Amino acid sequence: MTDEIDRAQALEEQLRADALREQARRAALAGKTAADSAAECVDCGEPIAPARRLAVPGCQRCVVCQARAERGLNRGLCDGD
Ligand SMILES: [Zn+2]
């Protein structure tokens, strides 16, 4: 049982790391810098961690909201970027 939870957590971390890398890659292609990153999440208004703003230049959402948006759960709630 514990093994399953460990595996699920490892997978979740892997997916998160992959998503972060992909976001960073896209931001670099778009010529974004950390200065383009929002200080607060556009969805929930929570401060975005400085490490995330550096890692994902141009990011506008916190990790939680970004993951939610990418899974499509925000569809219909926000009017798009
Ligand atoms: Zn947020």
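A. Structural view of the overall build of the chain. Counting its secondary structure elements, the chain contains three helices and zero strands. Secondary structure of the chain in N-to-C order comes out as α-α-α. The buried share among the 81 residues of the chain stands at 10%. Intrachain contacts of the chain at a sequence separation of at least 6 include 33% that bridge at least 24 residues.

B. Geometry of the nonpolar core. Of all hydrophobic cores here, the largest spans five residues; its members are Ile48, Val56, Cys59, Cys62 and Cys65. Those residues in contact with isoleucine 48, other than ones at most four positions away along the chain, are Ser37, Ala38, Ala39, Glu40, Cys41, Arg53, Cys59 and Cys62.

C. Expanded view of helix H1 (residues 2–29). Counted at 1.5 Å a residue, the expected span for H1 with its 28 residues is 40 Å, and the 41 Å between its end C-alpha atoms agrees. Within H1, only one of the 28 residues are buried, which leaves the element largely exposed. Just past H1, the residue glycine 31 takes up positive phi, approximately 75 degrees.

D. Focus on the environment of glutamate 40. With respect to the helices and strands, glutamate 40 occurs in the loop between H1 and helix H2 (50–55). Judged by local crowding, glutamate 40 falls into the partly exposed class, with 13 C-beta atoms found within 10 Å. With 20 residues separating them along the chain, glutamate 40 and glutamine 60 place their C-alpha atoms 7.4 Å apart. When neighbours within four sequence positions are excluded, glutamate 40 is seen to be in contact with Gly45, Glu46, Pro47 and Ile48.

E. Expanded view of the environment of arginine 53. Along the polypeptide, arginine 53 turns up in helix H2. Overall, the presence of 19 C-beta atoms within 10 Å leaves arginine 53 in the partly exposed class. Distance in space between the C-alpha atoms of arginine 53 and aspartate 36 is 8.5 Å, their sequence separation being 17 residues.

How each quantity is defined
The written sequence of each chain sets the order in which its residues are numbered from 1. Owing to the predicted nature of the model, reporting of local features is limited to residues with pLDDT of at least 70; listing and counting of side-chain atom pairs is limited to 80 or more, with chain, interface and lining totals taken over all residues. Secondary structure counts use DSSP, requiring at least four H or I residues in a row for a helix and at least two E residues in a row for a strand, with both numbered from the N terminus. Comment: burial labels come from other C-beta atoms within 10 Å of the residue's own C-beta, placed from the backbone, where a count of 20 or more is buried, 12 or fewer is exposed, and between is partly exposed. Think of it this way: build a C-beta for each residue from its backbone, and any pair within 7 Å is a contact. As used here, a nonpolar core is made of buried Ala, Val, Leu, Ile, Met, Phe, Trp, Tyr and Cys residues. They are joined through C-beta atoms within 7 Å. One less than the number of residues in a helix, times 1.5 Å, gives the span that helix is expected to have.

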